[in-house]
Amino acid sequence: MTMPVAVVGMDFREGPSSVRAQLKAIDDSADSPTGRLRQGGLCDGVARIESCSRIEWVLSAKNASWAAELLRGGLLKA
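Summary of the structure given here. (Residues numbered from 1 in each chain as written. Predicted model: local features only at pLDDT ≥ 70, side-chain atom pairs only at ≥ 80, totals over all residues. Heavy atoms only, no water.)

1. A closer look at the overall build of the chain
Test applied: Strands here are runs of E lasting at least two residues and helices are runs of H or I lasting at least four, both read from the DSSP assignment and numbered beginning at the N terminus. Throughout, the radius of gyration refers to the C-alpha atoms, and the reference size of a globule is 2.2 Å times the residue count to the power 0.38. Here the open area of atoms and residues is found with the Shrake-Rupley method and a 1.4 Å probe, where only the protein chains shown may cover a residue. We treat Lys and Arg as the positive residues and Asp and Glu as the negative residues; His and chain ends play no part in the count. In this description, the location of a charge corresponds to atom NZ of lysine, CZ of arginine, CG of aspartate or CD of glutamate.
Check the secondary structure of the chain and you find three helices and three strands. Listing every helix and strand of the chain by position from the N terminus yields β-α-α-β-β-α. Taken against the 2.2 N^0.38 rule, which gives 12 Å for 78 residues, the C-alpha radius of gyration of the chain at 12 Å falls within 12% of a compact globule. Judged by the C-alpha coordinates and their principal axes, the chain covers about 35 × 25 × 15 Å. Surface summary for the chain: the accessible area is close to 4900 Å², and the carbon and sulfur share equals 55%. Across the chain, 10 positive and 9 negative side-chain charges occur, with their mean positions spaced 1 Å apart.

So this is what it looks like as structure tokens:
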């Protein structure tokens, strides 16, 4: 069985390193958007990829695009 995946992210063209660092800090917090997705059973797994020029979250879920929109909204809301 295959599991759909989706990617949420920002690179250096879309936002400065300070904004990308804030996104990481939001996701590292006690009320992490990725933690809420996992705890709510809305995704099966999340991998966060960080480099000097980008930050990305790769989500696997039955409805990956919906989970990605929830993650994007949670990051922007915070």
